[in-house]
Amino acid sequence: MEKPKSVEAYFKGLTEEARASLQKLRETIAAAVPRAEEAIAWSMPAFRLEGKALVGYAAFKDHYSFFPMSKQAIEAHRAELGAHVTGKGTISFDYGERLPVGLVKQIVKARVAEFAAKRT
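1. Focus on the sheet that holds strand β2 (residues 44-49)
Right, on to step 1. An order of β1-β2-β3-β4-β6-β5 is seen for the 6 strands of this open sheet, with the pairing classed as antiparallel. Among the strands making up the open sheet, the edge pair consists of β1 (37-41) and β5 (85-87). Each neighbouring strand pair of the sheet contributes to a mean axis angle of 35°, computed without reference to strand direction.
Right, on to step 2. For β1 and β2, the ladder comprises 5 bridges, and the chain directions are antiparallel. Each bridged residue has a counterpart across the sheet, and for E37 the counterpart in β2 is R48.
Right, on to step 3. Across the sheet, helix α2 (residues 16-32) touches β1, β2, β3 (52-59) and β4 (63-67), and the angle it forms with β3 is around 160°.

Structural data, given as structure tokens:
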């Protein structure tokens, strides 16, 4: 897959199943931090806050992943995430699985709090 130049270009290259799952995740992140800007970071869709990457997400063959870009945010929610934590900075979901919207919003808000703490 060619490196996407925009979030829209990334979505165009997805299957319908992947597009629907990522769209739900995208909307959930945007609702949690409406002032964040969408961008491409590390060849995947991401949200930036004050010009810096906040969280990212990507589609894969059999699953999609949410990247909080923070070990602390993942560790703070590890019990609720359970087996969804599949790497140091990766939270994965199967296609067709219900997205835990409230939990994703909590993780995004934890990242926003980390940003705020660094600015003070």
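Still more ground to cover, so stick around.
2. A closer look at the pairing of β4
Right, on to step 1. Of all 5 residues making up β4, 4 are buried, and the element is well covered by its neighbours.
Right, on to step 2. Where β3 lies against β4, 4 bridges are found, and the strand directions are antiparallel. Bridge pairing in β4 places Y57 opposite F66.
Right, on to step 3. Between β3 and β4, which pair antiparallel and follow one another directly, the connecting turn spans 3 residues.
Right, on to step 4. Relative to strand β6 (residues 90-94), β4 runs antiparallel, the two being bridged by 4 bridges. Counted as the bridge partner of Y64 is F93 from β6.

Reading the values: rules and limits
Residues numbered from 1 in each chain as written. Predicted model: local features only at pLDDT ≥ 70, side-chain atom pairs only at ≥ 80, totals over all residues. Heavy atoms only, no water. Pairing = 2+ DSSP bridges. Helix = DSSP H or I, 4+ residues; strand = E, 2+ residues; numbered from the N terminus. Axes fitted to C-alpha atoms, helices over the stretch in contact; angles between N-to-C directions. Contact = heavy atoms within 4.5 Å. Buried < 20%, exposed > 50% of the residue type's maximum accessible area, 1.4 Å probe, protein only.

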